[in-house]
Amino acid sequence: MTPLQMVDLTTQYKHLRKEIEKAVQDVLRSGKYINGAAVDALAAGLSEYLDVKYVIPCANGTDALQIALMALDLQQEDEIIVPAFTYAATAEAIALLKLTPVLVDVDPLTFNIDVKKVEEVVTPRTRAIVPVHLFGQTADMEPLMQIARKYGLSVIEDNAQSIGSTYTFQDGTKKQAGTIGTIGTLSFFPTKNLGAYGDGGALLTGDEDLAKKIKMIARHGQSQKYMHERIGCNSRLDTLQAAILNVKLPYLNTYNQIRIRTAEEYNAQLKPLSHLLDVPHCAAQSTHVYHQYTVKIKQDRDKVQKHLQEKGVPTMIYYPLPLHHQPAFKYILKKGSNLNESENLCRSVLSLPMHTELDKEQIQYIIDQLRSYE
Ligand SMILES: *Cc1c(COP(=O)(O)O)cnc(C)c1O
């Protein structure tokens, strides 16, 4: 059996090698290394795939969050609601702009922001909500958008992890994760479901004025060359990365399908181990594209992880600390209600290997090692 990896990027690359190398060579030969046709083609491709009017590529997913917040023209200390159980980048962008992150607990089943707890932390200073579509499924956007409308709040969807997940509204309408709120953000970090071979990100919006503003902010606040209308930043997607992503985008649905099939195999064989773990819960209103396959361990999580490691099964703990226990954020955070579920998850979650290149034998081996625990 091929040794197990949490994520296997090189095998996927080998399958795409000819296409990727041609795309890279075309860019190298063009002499145009910033912006250009490949970046425009990626924006157009994503716009079609996600069914969203405007796609503005940028340097990475963290920048995308920061630029989205900058486009809302907020004041210092305005409050932004975020889930306590997420990657730190979400709160970091908020803190960098001297805004105040306000934490809300997550749903223990979906790991996404607990919409029922959002309204209780809304104050006159609240300006926006940043739901994170964690691990591959969309947060419960319909009731969240209702709250946002009620209080006049913007919604920035951190969709770094769930590109391709679809959300179904009560009336049957379906929308892609990242295209429901005011602005959506994407990351093309190599391990994400649509990964570049370096950094990359994008912003999504259906609003023409916002799209113009976002573009301006990401290009040093320029309305035209050397005319700086506002303070912006420099956040461009490399042409080389765009060319690579243009090769990979047509495979995204296939890749997500492979992840879903792998998750289904895990689910089928791990569900009976209910004394040891809970398999991931997929909410009815969202599809799951399994950026991570994350179980909740009901026994000593760290012992289970050690057992797997000894058997050659790598695992990861996403995330070991909730945001309010991160030293960097303690000074600025406001805590909403209690954050017990986020704290419990940090003690119990364990992510198993999940990528597009796991074969049957490897999946079975991982399952068998969990079965053999104790
Ligand atoms: C990866 C990630 C980001 C940051 O994306 P980068 O491209 O690494 O800057 C932000 N939020 C979440 C939830 C992520 O998983």
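Procedures and definitions
- Residues numbered from 1 in each chain as written.
- Predicted model: local features only at pLDDT ≥ 70, side-chain atom pairs only at ≥ 80, totals over all residues.
- Heavy atoms only, no water.
- Near = heavy atom within 4 Å.
- Polar contact = N/O pair within 3.5 Å; in protein donor to acceptor, adjacent residues only side chain to side chain.
- Areas by Shrake-Rupley, 256 points an atom, 1.4 Å probe, with all protein chains shown as cover.
- Nonpolar A, V, L, I, M, F, W, Y, C, P; charged D, E, K, R; others polar.
- Pairing = 2+ DSSP bridges.
- Helix = DSSP H or I, 4+ residues; strand = E, 2+ residues; numbered from the N terminus.
- Contact = heavy atoms within 4.5 Å.
- Axes fitted to C-alpha atoms, helices over the stretch in contact; angles between N-to-C directions.
- Domains from an automatic or database assignment.
- Buried area = accessible area lost by both parts, 1.4 Å probe.
- Salt bridge = Lys/Arg side-chain N within 4 Å of Asp/Glu carboxyl O.
- Core = buried A, V, L, I, M, F, W, Y, C linked by side-chain atoms within 4.5 Å.
- Buried < 20%, exposed > 50% of the residue type's maximum accessible area, 1.4 Å probe, protein only.
- Phe/Tyr/Trp six-rings, centres within 6.5 Å; stacked < 30°, edge-to-face > 60°.

**Q** Honestly, the site of the ligand in this entry has me stumped. Any pointers?
**A** As a matter of local geometry, the ligand sits amid Asn 60, Gly 61, Thr 62, Tyr 87, Ala 89, Val 132, Asp 158, Ala 160, Gln 161, Ser 187, Lys 192 and Gly 200. One nitrogen or oxygen atom from the side chain of Thr 62 is found 2.5 Å from an oxygen atom belonging to the ligand. Take Gln 161: an N or O atom from its side chain is 2.8 Å from an oxygen atom of the ligand. Across the complex, the protein chains shield 92% of the 380 Å² of accessible surface that the ligand would expose by itself. Classifying every residue of the shell around the ligand gives four nonpolar, six polar and two charged.

**Q** Quick question: what am I supposed to make of the sheet that holds strand E9 (residues 201-205) here?
**A** Hydrogen bonds between backbone groups are what pair the strands of a sheet, and the pairing can be parallel or antiparallel. Spatial ordering of the open sheet is given by E1-E9-E8-E5-E4-E2-E3-E14, a layout of eight strands whose pairing is mixed. Bordering the open sheet on either side are strand E1 (54-58) and strand E14 (334-335), each of which pairs with just one other strand. Summarising the sheet, strand E3 (residues 100-104) and E14 pair through two bridges and their orientation is parallel. Residue pairing in the sheet places Leu 103 in a bridge with Lys 335 of E14. Contacting E1, strand E8 (183-187) and E9, helix H6 (residues 208-218) runs over the sheet at an angle of about 15° to E1.

**Q** Help me out: how do you make sense of the domain arrangement of the protein in this one?
**A** Interfaces are often described in size by the accessible area the parts lose on coming together. With domains assigned, the protein is organised as domain 1 (9-103 + 111-250) and domain 2 (251-371). Once you take the C-alpha centre of each, domain 1 and domain 2 turn out to be 24 Å apart. Each partner contributes to the roughly 3,800 Å² buried at the junction of domain 1 and domain 2, and carbon and sulfur atoms together form 59% of this total. Linking domain 1 with domain 2 are one salt bridge, by the criterion used here. Notably, a salt bridge pairs Lys 334 with Glu 79, separated by 2.3 Å at the nearest N-O pair. Where domain 1 meets domain 2, there are 28 residue pairs in polar contact (both at pLDDT 80 or more). Considering every element that reaches the side of domain 1 that touches domain 2, the biggest residue donor is helix H1 (residues 9-30), with five residues.

**Q** Can you help me understand the nonpolar core in this one?
**A** In globular proteins that are soluble, nonpolar side chains generally tend to be buried together. Core analysis: the largest hydrophobic core is formed by 35 residues, its most contacted members being Ile 67, Ile 183 and Leu 203. Contributions of two or more residues to this core are made by E1, helix H3 (61-70), strand E2 (79-83), helix H4 (89-96) and H6. Sorting elements by how many residues they give to this core places H3 first, with six residues. Structurally, this core is a two-domain feature, drawing no fewer than three residues from each of domain 1 (9-103 + 111-250) and domain 2 (251-371). What Leu 203 contacts, discounting residues up to four positions off in sequence, is Tyr 54, Val 55, Ile 56, Cys 58, Ala 64, Ile 67, Ala 68, Ile 183, Gly 184 and Ile 214. One finds Ile 20, Val 27, Ala 202 and Leu 237 within the second-largest nonpolar core, a separate group that totals 28 residues.

**Q** Would you explain the packing of aromatic side chains in this entry?
**A** The geometry of an aromatic ring pair is captured by two quantities: the separation of the ring centres and the angle between the planes. According to the stated counting rule, one finds 12 aromatic pairs in the structure shown. Relative to Phe 169, the ring of Tyr 167 has its centre 5.1 Å away and its plane inclined at 80°; by these criteria the two rings are edge-to-face. Accessibility expressed as a relative area gives 16% for Phe 169, which makes it buried. Between the aromatic rings of Tyr 266 and Tyr 293, the centroid separation amounts to 4.6 Å while the plane-to-plane angle is 35°, which identifies the pairing as tilted. Of this pair, Tyr 266 sits in helix H8 (residues 252-270) while Tyr 293 sits in strand E13 (residues 293-297), and the two are 27 residues apart along the sequence. Tyr 266 gets classed as buried once you look at its relative accessible area, which sits at 0%.

**Q** Got a minute to help me understand the side chain of His 324 in this structure?
**A** Among the secondary structure elements, His 324 is positioned in the loop between helix H9 (301-310) and E14. Separated by 2.7 Å, the side chains of His 324 and Glu 343 make a polar contact. Other than its neighbours up to four places away in sequence, His 324 contacts Ala 84, Leu 103, Lys 330, Leu 333, Lys 335, Leu 339 and Glu 343.

**Q** Quick question: what am I supposed to make of the pattern of salt bridges here?
**A** Applying the stated criterion across every chain, the model contains 16 salt bridges. In this structure, the salt-bridge partner of Asp 105 is Lys 117, at a minimum N-O distance of 3.6 Å. Of the two residues, Asp 105 is situated in the loop between E3 and strand E4 (126-129) and Lys 117 in the loop between E3 and E4; the sequence distance between them amounts to 12 residues. For Lys 117, a relative accessible area of 21% gives the class partly exposed. Counted as one network, the salt bridges with shared partners bring together Asp 105, Asp 114, Lys 116 and Lys 117.

**Q** Is there a simple way to explain the environment of Gly 152 in this structure?
**A** As for its position among the elements, Gly 152 is in the loop between helix H5 (141-151) and strand E5 (154-158). The class of Gly 152 is exposed, set by a relative accessible area of 61%.

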